[in-house]
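# Remarks on the overall topology
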Amino acid sequence: LGRMKPVIVVHGGAGRIFREREEGCRAGVVRAALRGYRVLKQGGSAVDAVEEAVRSMEDDPHFNAGCGSVLNEKGEVEMDAIIMDGKNLDSGAVSAVKCIANPIKLARLVMEKTKHMLLTDHGAHLFAQAMGIPEIPGEKLITERSRERWKKNLEPDSNPEEFQKDLGTVGAVAIDSEGNVACATSTGGLSNKLIGRVGDTACIGSGGYADNHSGATSTTGHGESIMKVVLARLILYHMEQGMSPEVAADTALDYMKTRVGGLGGVIVVNKSGEWAARFSTKQMSWATVKDDNLHYGIYAGEKHIKSVDEALVSEREGF
C-alpha cells in the first residue's frame, strides 16, 4: 500500500480577530499545527493528531475553547467538544461541560470507553470523574477578557450579537500515513448564551465529520446556522459529488449565507490529502502542515509559507 503523506489543518475560529490579538492567534494555530504534525510524523493516528492540536488550543487563552472560553448568561464557562474517526465513523462528544481543562480529551474517552456518542452536563461530569479526569475550579478557565466581555453584554443597551463575531471555536482535521482521516472541534460557545445552550460543535455532521471514503472537516462560526444546514456533512457530500475541498467548502458556506444568513469558516482535508481553509467571515486563523511545509493565515487571500524546520526554530524562540 502506498503510504499517504500526512496532512494536518487547524483553525482557531472564524469571525473578527482584533488587531491586538492577531499575533497570539497566529502563533496559537501554528503551534497547534506543528504539534499535530509531529504526532503524525512519529506514526501517530489522525485521531491522536487532531486531539493533540485541539488540546494545544484549548490550553491557549487566545481561543474560545478550554481556558479562555466565553461565559454564559450566568457568568460560567460551559464547553462543547467532538472528535470523530473516519475509519469506522466512531465519534465521541460532550456538551455543557464545566471545570475541566480539556473537553476534547473527554470527548475522546466517550468515543473509546462508552457505547455512546454524546454525554452532557452532569452525566459528562460523572463520566469525567469515573475516568479520573482532574477537576479544576471554573475560575481557572475564565480570562479577564471573557469576564469583561460578559459584563459589557449585561449592560442594558449592549448588543451581544456584536460580540458574537469574534467567536474562536477551535478545530483540526488530519490524514495520517495509513490514509485514515479524523476531525476534532472544541468551543466555549456563544458569549452570554442561555444556560444549557448547545451549539453545532457537539453535534455530529455540524461541528465536524470524518469519513475515510471522502475526507474530514471541522467548522466554526454561527452555531445555529451551521446546525440548520448540517455544514460539515454538507461539505463532504459536495466532495463525494466530485468537488475539490476548496470548491466544496465555498459552495457550502455560500449556501449557508444565502439560505439562512449565517457566516462561518471550515477546514477540510480529502482522502487524497488535498486541503482547504475557507471562510465567509472577515477572518479565520488557520494553519496547515503538508510535505514539511507550514502554511498559515488570518485574512482572506493571506498565506504565509515556511519550512517546518524554520517554523520550529521560531517557535522555540517564542515566534
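Residues numbered from 1 in each chain as written. Predicted model: local features only at pLDDT ≥ 70, side-chain atom pairs only at ≥ 80, totals over all residues. Heavy atoms only, no water.

- An unreviewed UniProt entry annotates the protein chain as Isoaspartyl peptidase/L-asparaginase of Notiomystis cincta.
- The record in UniProt for the protein chain states the following under Sequence similarities (unreviewed entry): "Belongs to the Ntn-hydrolase family." (UniProt positions renumbered as here; feature names shortened; annotations may be inferred.)

## Describing the packing of aromatic side chains
- For the coordinates displayed, the defined rule picks out 1 aromatic pair.
- Arranged with centres 5.6 Å apart and planes meeting at 40 degrees, the rings of Trp275 and Trp286 form a pair that is tilted. Of this pair, Trp275 sits in strand β10 (residues 275-279) while Trp286 is found in strand β11 (residues 283-290), placing the two residues 11 residues apart along the sequence. Note on accessibility: Trp275 and Trp286 belong to one class, buried. (Phe/Tyr/Trp six-rings, centres within 6.5 Å; stacked < 30°, edge-to-face > 60°. Helix = DSSP H or I, 4+ residues; strand = E, 2+ residues; numbered from the N terminus. Buried < 20%, exposed > 50% of the residue type's maximum accessible area, 1.4 Å probe, protein only.)

## What to know about the environment of Leu89
- Positionally, Leu89 belongs in the loop between β2 (79-85) and β3 (90-97).
- In this structure Leu89 comes out as partly exposed when scored by relative accessible area, which is 35%.
- On a C-alpha basis, the gap between Leu89 and Asn212 in space is 8.5 Å, while along the polypeptide they are 123 residues apart.
- Apart from the residues lying within four places of it in its own chain, the contact partners of Leu89 are Met84, Tyr209, Ala210 and Asp211. (Contact = heavy atoms within 4.5 Å.)

## Thoughts on the side chain of Thr281
- By secondary structure assignment, the location of Thr281 is in the loop between β10 and β11.
- Taking the relative accessible area as the measure of exposure, Thr281 reaches 15% and is therefore buried.
- Within the local environment of Thr281, its side chain forms a polar contact with the backbone oxygen of Gln283, the two atoms lying 2.8 Å apart. (Polar contact = N/O pair within 3.5 Å; in protein donor to acceptor, adjacent residues only side chain to side chain.)

## Quick notes on the sheet that holds strand β6 (residues 181-187)
- What the 9 strands build is an open sheet, ordered β4-β3-β2-β6-β5-β1-β11-β12-β13; its pairing is mixed. Of all the strands in the sheet, just β4 (118-120) and β13 (304-307) have a single pairing partner and so form its edges. When strand polarity is set aside, the average angle formed by the axes of neighbouring strands in this sheet is 10 degrees.
- Looking at chain direction, β11 and strand β12 (residues 293-299) are connected through 6 bridges and run antiparallel. Each bridged residue has a counterpart across the sheet, and for Trp286 the counterpart in β12 is Gly297.
- Against the sheet, helix α3 (residues 103-113) engages β2, β3, β4 and β6, with an angle of about 135 degrees to β3.
- On top of the sheet, helix α10 (residues 308-316) reaches β11, β12 and β13; it is set at about 95 degrees to β13, its chief contact. (Pairing = 2+ DSSP bridges. Axes fitted to C-alpha atoms, helices over the stretch in contact; angles between N-to-C directions.)

## Details of the sheet that holds strand β9 (residues 264-270)
- Across the sheet, which stays open at both edges, the 4 strands sit in the order β7-β8-β9-β10 with antiparallel pairing between neighbours. Each edge of the open sheet is held by one strand with a lone partner, namely β7 (208-211) and β10. Mean inter-strand twist for the sheet, computed between neighbouring axes without regard to direction, equals 10 degrees.
- Of the pairings in the sheet, the one linking β7 to strand β8 (residues 215-221) comprises 4 bridges and is antiparallel in character. When the sheet's bridge partners are listed, Gly208 is paired in β8 with Ser218.
- Packing of helix α8 (residues 231-240) onto the sheet brings it into contact with β7, β8 and β9, and relative to β8 it is tilted by some 140 degrees.

## A closer look at the environment of Ala33
- Along the chain, the position of Ala33 falls in helix α1 (residues 19-41).
- Of the residues examined, Ala33 reaches a relative accessible area of 0% and is grouped as buried.
- In contact with Ala33, not counting residues within four places along its chain, are Ile8, Val10, Ala287 and Val289.

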